[in-house]
Amino acid sequence: MRTASIFLKKKMSNDIAHFLDNSQIHYLKKVMKIKHDEKFYTFDGNGLRALCKLTSDSKLKVLEINQEKRKYHCSMIIPLLKKARFEYALQKCVELGIKNVITYISYKARDKYDLSKELTRLERYKEIIKSAFLQSENYYLPDIEISEFLFDINFEDFKNPIFLDQNVSSNLNGDEDVDAIVVGGEFGYHEKEIEFLEKQKNNDVIRDDIKDRYSWNIFEDIEVFGKNEEDNSLTEALSMLRY
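1. Regarding unusual backbone geometry
Trans is the common state for peptide bonds, and a negative phi is the common state for residues other than glycine. Not every positive phi belongs to a glycine, and aspartate 37 is a case in point at roughly 70 degrees. Locating aspartate 37 in the fold gives a position in the loop between helix H1 (22–31) and strand E3 (39–43). Backbone geometry at glutamate 137 places phi at a positive 55 degrees, although glycine is not the residue there. With respect to the helices and strands, the residue glutamate 137 is situated in the loop between helix H4 (122–136) and strand E8 (143–146).

This is the structure we're talking about:
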């Protein structure tokens, strides 16, 4: 049986009692049904997991602290999609251990999405990520940012990004140390996006077996892979996609 988990962004210590706010108390007691002296985990989103127990209605005691180093350093760059599909994609990104999520408006779908409206949904997207983070019991909470278009993303932040495209001849090397995976829109890349990507560094490591319908549906059939401590990229995850 999985131990209940909460997100607690504060310094955890075995030496002091920690007090919870009303929302955390409500979540633990009403949603998770945690009782006095029952054990549960708290995560700070930055590599720390603490085993705690509830000692009163508003107080917890830390029993054990575990600090994990970040295993994966790969960001996912995905287009905005219809609500259910996009939220599902966010959940799968978290389960895979993605470091950060950057989302953008596909240029072919620029008439369907509005940046200002999407920015108002940013807090909801963060809550979806936080919920998936707790359910997956990962140690690091991914961040999310919204760019208007693919052209607005600074690829100088990445050493070895890959761009999934069905119209190229090179294959993804399973040993490649990838730090960003770019997924095209549901209608594929626009010519302007392709021109932009061709100017980026290391853009020759691309899979040629991704079909149009998998430009975003890559997330639908992901089998969540085991956390291999020796793997510093997410190429393992891509190799487990079932088409």
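2. What to know about the pattern of salt bridges
Side chains that differ in charge, positive against negative, can pair when their charged atoms come close. For the structure on display, the rule yields 6 salt bridges. The salt bridge involving lysine 112 is made with glutamate 186; its shortest N-O contact spans 3.7 Å. Residue lysine 112 is located in the loop between strand E7 (100–104) and helix H3 (115–120), and its partner glutamate 186 is located in the loop between strand E10 (180–182) and helix H5 (191–198); the two are separated by 74 residues in the primary sequence. Taking the relative accessible area as the measure of exposure, lysine 112 reaches 44% and is therefore partly exposed. Here glutamate 186 falls in the buried class, since its relative accessible area comes to 19%. Here lysine 130 and glutamate 127 are joined by a salt bridge, their closest N and O atoms 3.5 Å apart. A residue pair is termed a helical-turn pair when its members lie 3 or 4 positions apart in one helix, as lysine 130 and glutamate 127 do in helix H4 at 3 residues.

3. Points about the packing of aromatic side chains
Tallied over the full model, the rule gives 11 aromatic pairs. Between phenylalanine 43 and tyrosine 139, the aromatic rings sit 6.0 Å apart at their centres with planes inclined by 75 degrees, giving edge-to-face as the arrangement. Taken together, the residues span a long stretch of sequence, with phenylalanine 43 in strand E3 and tyrosine 139 in the loop between H4 and E8 at a distance of 96 residues. Tyrosine 139 carries the same exposure label as phenylalanine 43, and that label is buried. Between phenylalanine 149 and phenylalanine 151, the ring centres sit 6.1 Å apart and the planes meet at 45 degrees, which makes this aromatic pair tilted.

4. Thoughts on the side chain of serine 75
Among the structural elements, serine 75 can be located in strand E6 (residues 75–79). Residue serine 75 is classed as buried on the basis of its relative accessible area, which comes to 6%. In contact with serine 75, not counting residues within four places along its chain, are Ile98, Lys99, Asn100, Phe158, Asp179, Ala180 and Ile181.

5. Notes on the environment of threonine 42
For threonine 42, the position within the fold is in strand E3. In this structure, the C-alpha to C-alpha distance between threonine 42 and cysteine 52, residues 10 residues apart in sequence, is 7.1 Å.

6. With respect to H4
Over its 15 residues, H4 runs 21 Å from end to end, which matches the ideal 21 Å to within 8%, given 1.5 Å per residue. Those residues of H4 that sit buried are Leu122, Tyr125, Ile128, Ile129, Ala132, Phe133 and Leu134. In this structure, the buried side of H4 is in contact with strand E1 (5–7), E3, helix H2 (83–96), H3 and E8. Looking one or two places after H4, you find glutamate 137, whose phi comes out positive at around 55 degrees.

7. Brief notes about the sheet that holds strand E9 (residues 161–163)
Taken together, 5 strands build an open sheet; the order of strands is E8-E7-E6-E10-E9 and the sheet is parallel. Since the sheet does not close on itself, it has two edges, and those belong to E8 and E9, each with one partner. For this sheet, the mean angle separating the axes of adjacent strands, direction not counted, is 15 degrees. Alignment of E6 against E10, held across 3 bridges, turns out to be parallel. Paired with serine 75 across the strands is alanine 180, a residue of E10.

Rules behind the numbers
Residues numbered from 1 in each chain as written. Predicted model: local features only at pLDDT ≥ 70, side-chain atom pairs only at ≥ 80, totals over all residues. Heavy atoms only, no water. Helix = DSSP H or I, 4+ residues; strand = E, 2+ residues; numbered from the N terminus. Salt bridge = Lys/Arg side-chain N within 4 Å of Asp/Glu carboxyl O. Buried < 20%, exposed > 50% of the residue type's maximum accessible area, 1.4 Å probe, protein only. Phe/Tyr/Trp six-rings, centres within 6.5 Å; stacked < 30°, edge-to-face > 60°. Contact = heavy atoms within 4.5 Å. Expected span 1.5 Å × (residues − 1). Pairing = 2+ DSSP bridges. Axes fitted to C-alpha atoms, helices over the stretch in contact; angles between N-to-C directions.

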